[in-house]
Amino acid sequence: MAVKINTQTGMIEISNDVIATVVGGAVTDVFGIVGMASKKQIKDNITEILRKENYSRGVVVRQEENGIAVDVYTIVSYGTKISEVSRNVQEKVKYNLETLLGVKANSVNVFVQGVRVLPD
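Residues numbered from 1 in each chain as written. Predicted model: local features only at pLDDT ≥ 70, side-chain atom pairs only at ≥ 80, totals over all residues. Heavy atoms only, no water.

Asker: How should the environment of Thr 21 be read in this particular structure?
Answerer: Residue position: Thr 21 is located in helix α1 (residues 16–28). Thr 21 sits 38 residues away from Val 59 along the chain, and the two C-alpha atoms are 8.6 Å apart. (Helix = DSSP H or I, 4+ residues; strand = E, 2+ residues; numbered from the N terminus.)

Below you can see the structure in the form of structure tokens.
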């Protein structure tokens, strides 16, 4: 599945893997996020933090009438306020999708899959 944007000169198609990579990059830049988690915890092992090349395993993109809906699976750092970190993730993802890809995100759902204690 891909997002299709009609312009005056033709059609632009953006694949879900590209969207997932942009979303994953935005999420990992937010303070308090340790990394991305897999959306399939049991199959992929919950303790695994996804690398850049696997961000699509931690992001679900669904097409809607006037944009897209994004589900993000994250691992949060211990000692941070989870609600605040999640709100920052939502804002950053929406901003990056609109500025980098020209795609409107109707909703960004953040699922916290775990909390990690980072070594000093």
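After presenting the structure, the write-up continues.
Asker: What is the right way to look at α1 in this model?
Answerer: For an α-helix, the turn length of 3.6 residues means that residues three or four places apart are oriented alike. In this model, α1 (13 residues) spans 18 Å end to end at C-alpha, consistent with the 18 Å of a helix rising 1.5 Å per residue. Along α1, the residues that are buried comprise Asn 16, Ile 19, Ala 20, Val 22, Val 23, Gly 24, Ala 26 and Val 27. Where α1 is buried, its residues meet β1 (2–6), β2 (11–15), β3 (33–36), β4 (59–64), β5 (67–77) and α3 (82–101). (Expected span 1.5 Å × (residues − 1). Buried < 20%, exposed > 50% of the residue type's maximum accessible area, 1.4 Å probe, protein only. Contact = heavy atoms within 4.5 Å.)

Asker: Hey, could you run me through the packing of aromatic side chains in this one?
Answerer: Two numbers describe a pair of aromatic rings. These are the distance of the centres and the angle of the planes. Considering all chains together, one arrives at one aromatic pair under this definition. Considering the side-chain rings of Tyr 73 and Phe 111, the 4.9 Å spacing of their centres and the 15° angle between planes classify their relative orientation as stacked. Taken together, the residues span a long stretch of sequence, with Tyr 73 in strand β5 and Phe 111 in strand β6 (residues 105–116) at a distance of 38 residues. The class of Tyr 73 is buried, set by a relative accessible area of 14%. We classify Phe 111 as partly exposed; its relative accessible area is 35%. (Phe/Tyr/Trp six-rings, centres within 6.5 Å; stacked < 30°, edge-to-face > 60°.)

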